[in-house]
Every structure is written in C-alpha cells, then in structure tokens.
Amino acid sequence: MTTEIDPTALAIFIFFFALVTVMGFVAARWRKPETLAHIDEWGLGGRKFGTWITWFLVGGDFYTAYTVIAVPALVYTVGAYGFFALPYTIVVYPFVFMVMPVLWKRAKDNGYVTAADVVHGQYGSRALELAIALTGVIATMPYIALQLVGMTAVFKSLGLHGELPLAIAFIILALYTYSAGLRAPALIAFVKDIMIYIVVIAAIALIPIKLGGYANVFAAADADFQAKGAGSLLLGGNQYVAYATLALGSALAAFMYPHTLTGIFASSSGNTIRKNAILLPAYTLLLGLLALLGYMGHAAHLKLDSANDVVPVLFQTLFPSWFAGFAFAAIAIGALVPAAVMSIGAANLFTRNFWKAYVNPGVTDEGEYKVAKITSLIVKIGALLVIILLPTQFALDLQLLGGIWILQTLPALVFGLYSNWFKAPGLLAGWIVGFFGGTYLVWLNGLKPLQAMSLGGAPFTVYIGILALIANIVIAVVVNLVVPARAVART
C-alpha cells in the first residue's frame, strides 16, 4: 500500500519531533550537576530521579514504540493469544516491589552501575561478570532495532519511504543522548507518555463509535478469524500453558534488561522503586486498551501490507490528518525514549565490564564517561545498520531469542541478593546450559520461542525461556553441590 504525503499530518509530526529534540539538548542543563564527566551522572542521572521522573522513565522504556505497534499487530493476527502481554505486566510489579529495592541498595552502596558490576561484586568472578555483560549487550541490540521497526511503520504511513528519515531521526537521537546522557530520555519521557495516553484514550473512545460499537468490533474480529481458520477471541487447544509460561517468562525477564535496570539504578531510593511498582500498573491498563486496536483493525476492514501497519493505518483512516500526525509523533517519540536508554545501558555495560575490566583497569571517572558516550553512539549505529542491511524478520527473531537470553542472567543477579550459597562456577555452568540450550531449542523450532511437549499423552507447548531457566537453576544447584565436595576431597 503506497501512501502519499499528507502535509497536515507531516507538519504536526515535525512540530512535536522538533519539540522533543530541543528538550533533548536542553536536558544537559536540567538539574545540572557540577560535572557530567562521570558515568554516574551521564549514565544514571546522578541516581537522583524521584518517584514521578522514575515513573515516566521506566514506563517510557518499558512500554516502547514497538509495543504500541507489535501488541495490536499480534492481537490482529492471532486474537486472544496476543494478550499474554497483559498478565506479564501485572506479574512483574510484585517482583519489582520485592527485588528491585534490594538490588538498588546493593548498587548504590557499592557504586555499581550495571548488573554485571553487581554480579562481580558478589562472586568475584570475571568470567561470570563477562557472561552477564555479554548477554545484556547482545539482547539489547535487537531491542533497539525493533524501535526502528516501530518508527519505520510510522514513516511509511506519513508517506516517507527509504532509510533517510530513519537515519535523520537516529542521528538527532544520538546527538542529544551523547550530550545529556540519561537526563535526555528522562525529560522527553514526560511528553511521550502524556501524548501516548491522549492517543490511546481518544482511540478507544472514538474508534468504536465509528465502527458501530464494541459488539461489532468483536463480532468482526471473530468472523475474520473463523474465515481464515486461525486466531480466536478466546484461548483454545494447547494455548493455555504457552500463554501462561510466556507471561511468566516475560515478567521475570523484563527487569533483567540493561535499559530497565538503568531506570532502577537511577532512582533516588528504594522507596521510590516501591512507589513505582504500585503506580506503574497504570501502564498495564494502557496496554490492554492498545491491544484492542488489533480487533478494531478487523472491524475497519483495513487493507494492510503487514500486521505491523494496523495502528498507523487505523489512525490514518479514521481520524483527521492533524490527529493522525499527533498520534504518529507520539509513537515515534515512543521509540526515542527507550532507544536512548537502551543505548546508555549497553554503553554502561561495555565501559564498566569490558573496557575497565580488560582494557584499562585504571581508567578515570572522566575516562569512563568518554568511553560510555562514544559506545552509546556505536550501539545506535549498529542497530540502524541491522534495520537497513538485514531483513526486519532478522531483528524480530533475534528479539525472541533476546528474551530467552536475558532471562538466563536472573539466577546470578537475583539469588546473590538473598543468599551466599550459590557460587560462581555453578552459576556460570547454569548460564552456559540455559543460554546455549535455549538458543538450540529455538533453532530446532524454526526460530519460534515455544517447545511442543506432552504429559500423559496430553500435548502442550511451553515458552523455551522457562525451560532454559529451569535447566539453568538445576545445573547451578548440581555444580554448586559437586564442586565443593571435589575440592574438599582433593585437600
């Protein structure tokens, strides 16, 4: 479907994009410290973000542009199964409430900047630290690339084709992130989240009226699913276990990513994190409303090149040009905030756990700051090249693997917060089995994250991330029991 440029929509889009660009550069002077030349200041905002800033920042990098595009697209394609994102964003917050304040205190007391710092401090193992850092970086890269997928869908609806608009947007993002560090996405997140809320509330209030009400929306979606013989308004068959394990695995993985942990480490106190665990479920409501747009796409009888186009085309078809431009700007800005935080999280990992650990152990605070800034640029360029040079499906498949990979960092990062029983050799062996075993299973399943199984003759499918995590923990326990016994025997 070829889209012509709509001058009104494009003008509104450019206005809001320019607004957040200015805010990004102004952020360098927002709550300005004595110096930005310290990784704590550039990469963590001085660890001074209070409840509201943290709420917008964590919400901004947890609910991304790709979420706005992909969740409705999945619901449009498969129906109820696509709603697994809802329970996972409910399950995750008790985990955040209990675990993240403890992790924040460990990081704050010891000056840790990354998850790998925490792991090295707990176990004293460079090999385990490297495994955690590598996992964080490689799981983040396709995640950034998927923000570009979201932006590409928006540019396509605006009539802007080719790689140039995407490159310009990311050059702007790279420059103000380089200048202001974490303060830039934190400040922009205020505008982004308010815009997204306006867009979603308008959509769920007005689109059903245009389409004959919610009853007609659900009836149209159900008719389409039955006609094509795939998808359903209700879960069925062997989807229940897959749905539950996808939700649980995604919840456990969500705050293992470098970008979400960056938001946690930047908080001013453990209490700030607890308050956010109470307040952030408001975004879950938002996500549920967003998901319904997938069903509305059926009722609107949209002609789509890809399911990823369902949200942009809905706004383009059913709203005036000025509001479509506003909605497109909200989605595009929704890519900038998480992409910035992701690149900063990856840069912090490289600086602390590669550069300082192996290249220049005596690097100064200012030296760390400079390395992190340059690395954040390289990370963004790498993500841009993935989208430009490789098929979009490559980034999608890598992201499916990314969730499984990052889940394998949980035992090393979380268990040590509560117990000294686990040792580095066991956790490293568990990580190896979980990481490579999970990858192998995904490969065997045609790059799909689900494994078919049978129990008592009853078939079901399970999220591979959960299987890999169970194997990870079992191996860690076994090795932990065996290695000390052998060591004692040798002595």
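**Student:** Would you take a moment to explain the overall build of the chain for this structure?
**Tutor:** In terms of helices and strands, the chain carries 21 helices and 2 strands. Whereas a compact globule of 491 residues would reach a radius of gyration of roughly 23 Å, the chain reaches 22 Å, a difference of no more than 12%. By principal-axis analysis of the C-alpha atoms, the chain measures approximately 80 × 65 × 40 Å. Residues classed as buried in the chain amount to 59% of the 491 residues present. Across the chain, the fraction of contacts at a sequence separation of at least 24, relative to all contacts at a separation of at least 6, is 84%.

**Student:** For this particular structure, what's the right way to read empty space enclosed by the protein?
**Tutor:** Rolling a probe over the atoms, with the probe sized like a water molecule, indicates the empty space that remains. One pass over the full model with this rule turns up 4 cavities of 30 Å³ or more. Each pocket or cavity is described by its volume, and for the largest cavity that value is around 110 Å³. The biggest single contributor to the lining of the largest cavity is helix H12 (residues 258-265), with 4 residues. Space inside the second largest cavity adds up to approximately 60 Å³. Residue lining of the second largest cavity: Tyr63, Thr64, Thr67, Val68, Lys192, Asp193, Ile196, Tyr283, Leu286, Leu287 and Leu290, and that is the complete set. Sort the elements by how many residues they give to the lining of the second largest cavity and helix H14 (residues 281-299) lands first, with 4 residues.

**Student:** Help me out: how do you make sense of the pairing of strand S2 (residues 458-463) in this one?
**Tutor:** Each regular strand shows side chains that alternate between the opposite faces of the sheet. Where strand S1 (residues 450-455) meets S2, 6 bridges bridge the pair, whose relative direction is antiparallel. The partner of Ser454 across the bridge, within S2, is Pro459.

**Student:** How do you make sense of the packing of helix H1 (residues 7-26) against helix H8 (residues 164-180) when you look at a structure like this?
**Tutor:** Two numbers describe how H1 lies on H8: the axes approach to 8 Å, and their chain directions differ by 25 degrees. Taken as axis vectors, H1 and H8 run roughly parallel relative to one another. From H1, Phe17, Val20, Thr21, Gly24 and Phe25 reach across to H8, where they touch Ala169, Ile172, Leu175, Tyr176 and Ala180. Looking at side-chain class alone, the contact of H1 with H8 contains 8 nonpolar, 2 polar and no charged residues.

**Student:** Any chance you could explain the nonpolar core here in plain terms?
**Tutor:** A general feature of soluble globular proteins is that nonpolar side chains tend to end up buried together. In terms of nonpolar packing, the biggest core is built from 184 residues, with Met100, Met151 and Phe315 touching the most fellow members. With 22 residues, the top contributor of residues to this core is helix H16 (residues 321-359). Residues contacting Met151, with those up to four places away along its chain left out, are Phe17, Leu166, Ala169, Phe170, Ala332, Ala335 and Leu336.

**Student:** What's the story with the side chain of Thr51 in this structure? I'm lost.
**Tutor:** Structurally, Thr51 is set in helix H3 (residues 51-62). Once you skip the residues sitting within four places of it in the chain, Thr51 turns out to touch Thr272, Lys275, Asn276 and Leu279.

**Student:** What is the right way to read the environment of Ala73 from this model?
**Tutor:** Residue placement: Ala73 occurs in helix H4 (residues 65-78). Taking relative accessible area as the criterion, Ala73 reaches 5% and is therefore assigned buried. Sequence spacing of Ala73 and Leu292 is 219 residues, and the spatial spacing of their C-alpha atoms is 9.9 Å.

**Student:** What is the right way to look at H3 in this model?
**Tutor:** Side chains that are three or four residues apart share a direction in an α-helix, a result of its 3.6 residues per turn. If you check H3, its first and last C-alpha atoms are 16 Å apart, about what 12 residues at 1.5 Å a residue would give, namely 16 Å. Counting buried positions along H3 yields 11 of 12 residues, so the element is predominantly enclosed. Turning to H3, its buried residues number three or more, namely Thr51, Ile53, Thr54, Trp55, Phe56, Leu57, Val58, Gly59, Gly60, Asp61 and Phe62.

**Student:** When you look at a nonpolar patch on the surface in this model, what are you seeing that I'm missing?
**Tutor:** On the surface, Trp421, Ile470, Val474, Val478, Leu481 and Val482 cluster together into a nonpolar patch covering about 520 Å² of accessible area. With respect to the element layout, Trp421 can be found in the loop between helix H19 (410-414) and helix H20 (424-444). In this structure Trp421 comes out as partly exposed when scored by relative accessible area, which is 39%.

**Student:** Is there a simple way to think about the environment of Thr177 in this case?
**Tutor:** Assignment of secondary structure puts Thr177 in helix H8. In this structure the C-alpha to C-alpha distance between Thr177 and Lys380, which are 203 residues apart in sequence, comes to 10 Å. Among residues more than four places away in sequence, those in contact with Thr177 are Trp42, Ala340, Ser343, Ile344 and Lys380. Polar side-chain contacts of Thr177 include one of 2.8 Å to the backbone oxygen of Leu173.

Cut-offs used in this document
- Residues numbered from 1 in each chain as written.
- Predicted model: local features only at pLDDT ≥ 70, side-chain atom pairs only at ≥ 80, totals over all residues.
- Heavy atoms only, no water.
- Helix = DSSP H or I, 4+ residues; strand = E, 2+ residues; numbered from the N terminus.
- Rg over C-alpha atoms; globule rule 2.2 N^0.38 Å.
- Buried < 20%, exposed > 50% of the residue type's maximum accessible area, 1.4 Å probe, protein only.
- Contact = heavy atoms within 4.5 Å.
- 1 Å grid on protein atoms, 1.4 Å probe; cavity = no way out; pocket = protein on both sides within 12 Å on 5 of 7 lines; lining within 4 Å.
- Points joined across faces, edges and corners; volume = space filled by probe spheres on them.
- Pairing = 2+ DSSP bridges.
- Axes fitted to C-alpha atoms, helices over the stretch in contact; angles between N-to-C directions.
- Parallel < 35°, antiparallel > 145°, perpendicular 65-115°, else oblique.
- Nonpolar A, V, L, I, M, F, W, Y, C, P; charged D, E, K, R; others polar.
- Core = buried A, V, L, I, M, F, W, Y, C linked by side-chain atoms within 4.5 Å.
- Expected span 1.5 Å × (residues − 1).
- Patch = residues over 30% accessible without salt bridge, like charges linked within 9 Å, V, L, I, M, F, W, Y side chains within 5 Å.
- Areas by Shrake-Rupley, 256 points an atom, 1.4 Å probe, with all protein chains shown as cover.
- Salt bridge = Lys/Arg side-chain N within 4 Å of Asp/Glu carboxyl O.
- Polar contact = N/O pair within 3.5 Å; in protein donor to acceptor, adjacent residues only side chain to side chain.

Just distances and angles here, no functional claims.
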